[in-house]
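Chain by chain, the residues run as shown.
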Amino acid sequence: MVDSGGLWTPPEDELGEALQTAQVLIEEGRADEAGPYQQRVIELARERAGDRPDHYEARHLMAATQYELAGSLNASGRHEEALAALHEAQLGYTELSDAGELEATSFLADVRARRAMTQAHRGYGATAVLEIDGAVIAYGQLVGGDDGVLHQPDFARVLAMNALILRRYGDPDLAVASADAATQLFLQLADQINASPQSLSYARYLCSATAVSADVHAAEGRLDLALEADEIGLNTADTLADSESATDLRTLVSALTRKGKHLEVVGRIIEGENCLRTAFATDPATAALVTEEIDRGIPPSLTTALENAEIKLGPYEQYHRLLALSEPAPGMTLATVSGRTDPESAAVRATELAELVRPMLTHDAETALTLGLEAHYLFAISSERESHRMRYETSSYAPVWAQVLLDLSEAYHAAGQTDMALDLAGWSADVATALIPFTMTDLEVKDLAGACYRHHGDLLAATGDFTASQHAHEAAQQLQT
């Protein structure tokens, strides 16, 4: 939603009309049509701000509309442009915060959450998981503050987004925990949300949360919980479908398909067939996509991956320490990767996970990818939180991080998952840059850094980004001089 934060009251003119039209389209589930109106709002607000850095109302409106524009661009499949709009929104909110005109924590968390969804849309799942992790943590701190009750609906929204991303690119156990928490919070806040101008948007996020809950619970054999989630999701989607938007109709068809599949599993064949028949008659393409997703199942959880590694590799010394990551750290709720452990321990556990990746790649690639991604997430969180180990023991931990990223990227590339391969290759190149101070005295580190740059360059060239590819290869070459 466009949230002016009380700084801006649109006048009765072209700017106000464009802003109102964009908001109506978003609420109707037609965000892909709102972009031109949002672009006009930004142009008019920029004209009014002119060269006045103290025109905070217009600058806030520009930032808020850039944020909304990113959502519209995502709905149109223009993800690179969406990332650029989010960058502008972040700059705008940061400037307002630095000027003392805005408490920007929630706004910046929203930017990070939308950037996470944008990265997920373009297949950059590793980056998406870490972006949404930061957004959840920020909102978790806000709801614990003095104005916590005001942030609860948006905390539920961000938890639902977190669940969607983790369902595909992370640990399904974390995904279902986040989805269940979002669902319960949405239900507890029903009266407050129903009175909100953004009630339809919140309802859509509730549907996404129940879909994740139903999928994971069903895959793990908890069919009673899956059907409870299905019922909530279907009732909400049925109400949403009154909007007559194509997006909301697809949400209803998805909920019908999901419930039909789960009813058949528990033996309620006729009810299940009725749901599926209605779904396929209404929108066969959406029903087929949901069916395919359910049949594909969920990726291994961290717990399952550790158990698989013990079966394939034999007992290993760090098993029980790593298994403890499936329980929340003190003071944390386990719905995010950063909730697994503290930043200092994260680097150590990540190293122990990384030790399992190469041996497992030859036995069970899916398990190896799960272990490797979890290692990457823990390394990245430890680094972002500026742990002592990652800052002052870089030569010990960064090479392990770079190697696991390189191995993962190569494995995803071999499996034909180019977007994830490129995402992880970009991370490996960034870590390689941190290794440069150690390449003068350590030949193995020099070779590793060069390999990271070259691999990133090769993938960039394969996707047509020849300029960036050349820069990556030049960086690798410079290490040899």
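Structural data are supplied above this passage.
So, a few notes on the structure that sits alongside this text. (Residues numbered from 1 in each chain as written. Predicted model: local features only at pLDDT ≥ 70, side-chain atom pairs only at ≥ 80, totals over all residues. Heavy atoms only, no water.)

**Overview of the environment of Ala 287**
Next up, step 1: One can find Ala 287 in helix 14 (residues 284-296).
Next up, step 2: The exposure class of Ala 287 is buried, given its relative accessible area of 0%.
Next up, step 3: Separated by 94 residues in the primary sequence, Ala 287 and Ile 193 place their C-alpha atoms 29 Å from one another.
Next up, step 4: Beyond its immediate stretch of four places on either side in the chain, Ala 287 contacts Val 253, Thr 257, Ala 279 and Phe 280. (Helix = DSSP H or I, 4+ residues; strand = E, 2+ residues; numbered from the N terminus. Buried < 20%, exposed > 50% of the residue type's maximum accessible area, 1.4 Å probe, protein only. Contact = heavy atoms within 4.5 Å.)

**Digging into helix 20 (residues 394-414)**
Next up, step 1: A rise of 1.5 Å per residue sets the reference length of helix 20, with its 21 residues, at 30 Å; its end C-alpha atoms lie 30 Å apart and thus fit the reference within 8%.
Next up, step 2: Trailing helix 20 by a residue or two, Gly 416 shows a phi angle of about 85°, which is positive. (Expected span 1.5 Å × (residues − 1).)

**A look at the packing of helix 12 (residues 246-265) against helix 14**
Next up, step 1: As a packed pair, helix 12 and helix 14 sit with axes 9 Å apart at the nearest point and diverge in direction by 45°. One finds that helix 12 runs oblique with respect to helix 14. Both helix 12 and helix 14 take part in a crossing whose hand is right-handed. Side by side, helix 12 and helix 14 meet where Arg 250, Val 253, Ser 254, Thr 257, Arg 258 and Lys 261 of the first sit next to Thr 286, Ala 287, Val 290, Thr 291, Glu 293, Ile 294 and Asp 295 of the second.
Next up, step 2: Grouping the amino acids of the contact of helix 12 with helix 14 by side-chain chemistry returns 4 nonpolar, 4 polar and 5 charged. (Axes fitted to C-alpha atoms, helices over the stretch in contact; angles between N-to-C directions. Parallel < 35°, antiparallel > 145°, perpendicular 65-115°, else oblique. Left-handed = near helix turned anticlockwise from the far one by under 90°. Nonpolar A, V, L, I, M, F, W, Y, C, P; charged D, E, K, R; others polar.)

**Thoughts on the pattern of salt bridges**
A side chain of one charge can pair with a side chain of the opposite charge if their charged atoms are brought near each other.
Next up, step 1: Tallied over the full model, the rule gives 26 salt bridges.
Next up, step 2: In this structure, Lys 312 and Asp 364 form a salt bridge, with 3.5 Å as the shortest nitrogen-oxygen distance. Taken together, the positions of Lys 312 in helix 15 (residues 302-313) and Asp 364 in the loop between helix 17 (343-361) and helix 18 (365-384) put the pair 52 residues apart, joining distant regions of the chain.
Next up, step 3: Look at Lys 312 and you get partly exposed, because its relative accessible area is 38%.
Next up, step 4: On the basis of relative accessibility, which here comes to 16%, the residue Asp 364 falls in the buried class.
Next up, step 5: A single network of salt bridges, built from pairs that share partners, joins Arg 112, Arg 115, Glu 131, Asp 133, Glu 384 and Arg 385. (Salt bridge = Lys/Arg side-chain N within 4 Å of Asp/Glu carboxyl O.)

**Structural notes on the state of the cysteines**
Next up, step 1: One pass over the structure, following the stated rule, counts 0 disulfides.
Next up, step 2: Cysteine Cys 207 shares no disulfide, and the gap to the nearest cysteine sulfur, in Cys 275, comes to 15 Å.
Next up, step 3: Residue classification places Cys 207 among the buried residues on the basis of a relative accessible area of 8%. (Disulfide = S-S within 2.5 Å.)

**Quick look at the environment of Ala 156**
Next up, step 1: Here Ala 156 lies in helix 7 (residues 148-169).
Next up, step 2: By relative accessible area, Ala 156 is classed as buried at 0%.
Next up, step 3: Taking the C-alpha atoms as reference, Ala 156 lies 9.2 Å from Tyr 139; in sequence the two are 17 residues apart.
Next up, step 4: If we ignore the near neighbours within four places in the chain, the residues touching Ala 156 are Ala 182, Leu 185 and Phe 186.

**Re the side chain of Thr 236**
Next up, step 1: Tracing the backbone through its elements, the reader meets Thr 236 in helix 11 (residues 223-240).
Next up, step 2: At 2.8 Å, the side chain of Thr 236 and the backbone oxygen of Ile 232 are in polar contact.
Next up, step 3: For Thr 236, the residues in contact, after removing those within four places along its chain, are Ala 203, Leu 206 and Cys 207. (Polar contact = N/O pair within 3.5 Å; in protein donor to acceptor, adjacent residues only side chain to side chain.)

**Considerations on the packing of aromatic side chains**
Two aromatic rings are characterised by how far apart their centres lie and by the angle between their planes.
Next up, step 1: Throughout the structure, instances matching the rule amount to 5 aromatic pairs.
Next up, step 2: Their ring planes at 35° and their centres at 4.9 Å tell us that Tyr 93 and Phe 107 sit as a pair that is tilted. Pair noted here: Tyr 93 is in helix 4 (residues 79-98) and Phe 107 is in helix 5 (residues 105-121), with a separation of 14 residues, a long-range link.
Next up, step 3: When its relative accessible area of 3% is taken as the criterion, Tyr 93 is described as buried.
Next up, step 4: Ring geometry for Phe 186 against Tyr 202: centres 6.4 Å apart, planes inclined by 55°, an arrangement best described as tilted. Here Phe 186, found in helix 8 (residues 172-188), pairs with Tyr 202, found in helix 10 (residues 199-219); they are 16 residues apart in sequence, far enough to count as distant.
Next up, step 5: For Tyr 202, a relative accessible area of 6% gives the class buried.
Next up, step 6: Following the ring pairs from residue to residue traces out a cluster consisting of Phe 379, Trp 401 and Trp 427. (Phe/Tyr/Trp six-rings, centres within 6.5 Å; stacked < 30°, edge-to-face > 60°.)

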